[in-house]
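Here is what each chain is made of, one letter per residue.
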Amino acid sequence: MNRPLVIAHRGYSSRYVENTQSAYEGAIEIGADVVETDARLSRDGQVYACHDANLARIAMNGDARAIADLGAAELDAVALMGNERLSRLPVTLTRIAPRRPILIDVKTPDLALIEAVVRDVLAHDAVGLAWIGVRDAAQMRRARDLEPALKLLAFLPDYARADEFEQAGARVFRVWEGEVAQPAAARVLREKPTWVTMGGKGTPCAVGDTTPERLARILELQPQGVLVNDPLLMMAPDTSRHPATGSSPPSSTSSSL
């Protein structure tokens, strides 16, 4: 059985502060096939990597301001745990995408965000290097209208809508680990290219977390990709070579937390 793509959920987020350049570099260093990054829009239209709508969980000093309420200068000044900084999408496209494909998880369904994401992808000649994941079919259609060659992933709000999202342009579909036994989800796994997010809904684990036993059960289903916080759980014993290319991964100057 071929190993599915190892997708580093928010980067190597089991070791580094999630959605930071350190987490992305760490994922590359250990040989992840794809690096996932979240996307939210600042007040002045810049795309930043942040899973939550506000900073409360990741910022130091109890900063609970909302991403959408802050401009780029304010967001650049935010200190995260470990003295990390928020990542702008253009920086990730410049530093990470040339070395690994990235998956951009678009966190809100507004057209302004998808237009900004596509703008940045096009500006950095990254159409062939990026997957864009969305939860809204209208947003997916807008992305396809802006650039028909984009690679789009459906974070399905309802597994029964898989065909609708496929018609809107989806090439790959996400299924939650805890929902793989649901009939509609099982059909997606059986009939369409599928990436599975470990943990989260219907499991005792946080999103992206897993155990070797849980991971083994998912691998038996033969998904095309698995999103996981610790990519090493999916690596062969020899992690000195990148599994997708056979080349040695680039070194990272990032320090662990």
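Calculation notes
- Residues numbered from 1 in each chain as written.
- Predicted model: local features only at pLDDT ≥ 70, side-chain atom pairs only at ≥ 80, totals over all residues.
- Heavy atoms only, no water.
- Helix = DSSP H or I, 4+ residues; strand = E, 2+ residues; numbered from the N terminus.
- Buried < 20%, exposed > 50% of the residue type's maximum accessible area, 1.4 Å probe, protein only.
- Contact = heavy atoms within 4.5 Å.
- Areas by Shrake-Rupley, 256 points an atom, 1.4 Å probe, with all protein chains shown as cover.
- Lys, Arg positive; Asp, Glu negative; His and termini not counted.
- Charge placed at Lys NZ, Arg CZ, Asp CG, Glu CD.
- Core = buried A, V, L, I, M, F, W, Y, C linked by side-chain atoms within 4.5 Å.
- Phe/Tyr/Trp six-rings, centres within 6.5 Å; stacked < 30°, edge-to-face > 60°.
- Pairing = 2+ DSSP bridges.
- Expected span 1.5 Å × (residues − 1).
- Right-handed = clockwise from strand over helix to strand, strands pointing away.

Things to note about the overall build of the protein
And then number 1: From N to C terminus, the protein includes eight helices and nine strands.
And then number 2: Counting only C-alpha atoms, the protein reaches 45 × 40 × 35 Å along its principal axes.
And then number 3: Among the 257 residues that make up the protein, the fraction classed as buried is 53%.
And then number 4: If you take every contact in the protein between residues at least 6 apart in sequence, the share linking residues at least 24 apart comes to 58%.
And then number 5: Per element, the accessible surface of the protein, about 10,900 Å² overall, is 50% carbon and sulfur.
And then number 6: For the protein, the centre of its 29 positive side-chain charges and the centre of its 33 negative side-chain charges are spaced 1 Å apart.

As for the nonpolar core
And then number 1: Among the nonpolar cores identified, the biggest contains 60 residues, and I102, I104, V117, V121 and I132 are the most heavily contacted of them.
And then number 2: Examining the composition of this core, we find that six residues originate from one element, helix α4 (residues 111-123), more than from any other.
And then number 3: With near-sequence residues (within four places) excluded, V121 lies in contact with L93, I104, A126, V127, A130, I132 and L150.
And then number 4: In this structure, C50, I58, I67 and L70 belong to the second largest nonpolar core, which totals 13 residues.

Thoughts on the packing of aromatic side chains
And then number 1: Scanning the model with the defined rule gives two aromatic pairs in all.
And then number 2: Measuring from centroid to centroid gives 5.7 Å for Y12 and Y16, while their planes differ by 65°, and the two rings are edge-to-face. For the pair formed by Y12 and Y16, the shared burial category is buried.
And then number 3: Ring centres of W131 and W195 lie 5.3 Å apart, and the angle between their planes is 65°; on these two criteria the pair is classed as edge-to-face. Of this pair, W131 sits in strand β5 (residues 130-134) while W195 sits in strand β8 (residues 194-197), and the two are 64 residues apart along the sequence. The burial state of W131 is the same as that of W195; both residues are buried.

Focus on unusual backbone geometry
And then number 1: With a phi close to 65°, N61 is a non-glycine residue in the positive phi region.
And then number 2: Within the element layout of this structure, N61 appears in the loop between β3 (47-48) and α2 (72-76).
And then number 3: With a phi angle near 60°, Q222 is a residue other than glycine that sits in the positive phi range.
And then number 4: Looking at where Q222 falls in the secondary structure, it is placed in the loop between α8 (212-219) and β9 (225-228).

Digging into the environment of F173
And then number 1: Relative to the helices and strands, F173 resides in strand β7 (residues 170-176).
And then number 2: C-alpha separation for the pair F173 and V118, spaced 55 residues apart in sequence, amounts to 19 Å.
And then number 3: With near-sequence residues (within four places) excluded, F173 lies in contact with A154, L156, A162, F165, E166, V188, K192, P193, T194 and W195.

Examining the pairing of strand β4 (residues 102-106)
And then number 1: Buried residues dominate β4, accounting for five of its five residues.
And then number 2: Covered by surrounding structure in β4 are I102, I104 and V106 together with L103 and D105, the residues of both alternating faces.
And then number 3: The pairing of strand β2 (residues 34-41) with β4 spans five bridges and is parallel. Residue pairing for β4: E36 is matched across the bridge by L103.
And then number 4: Relative to β5, β4 runs parallel, the two being bridged by four bridges. Across the sheet, D105 pairs through a bridge with G133, a residue of β5.

Focus on α4
And then number 1: Spanning 13 residues, α4 covers 18 Å between terminal C-alpha atoms, matching the ideal 18 Å at 1.5 Å per step.
And then number 2: Considered for burial, the residues of α4 that qualify are L113, I114, A116, V117, V118, D120 and V121.
And then number 3: Considering only its buried residues, α4 is in contact with β2, β3, α3 (89-95), β4, β5 and α5 (137-146).
And then number 4: Just past α4, the residue D125 takes up positive phi, approximately 50°.

A look at the pairing of β7
And then number 1: Burial of β7 is extensive: six of the seven residues sit out of reach of the surface.
And then number 2: Taken together, strand β6 (residues 151-154), helix α6 (residues 162-168) and β7 form a β-α-β motif whose crossover is right-handed.
And then number 3: Examined bridge by bridge, β7 and β8 share four bridges and lie parallel to one another. Across the sheet, residue F173 finds its bridge partner in β8, namely T194.

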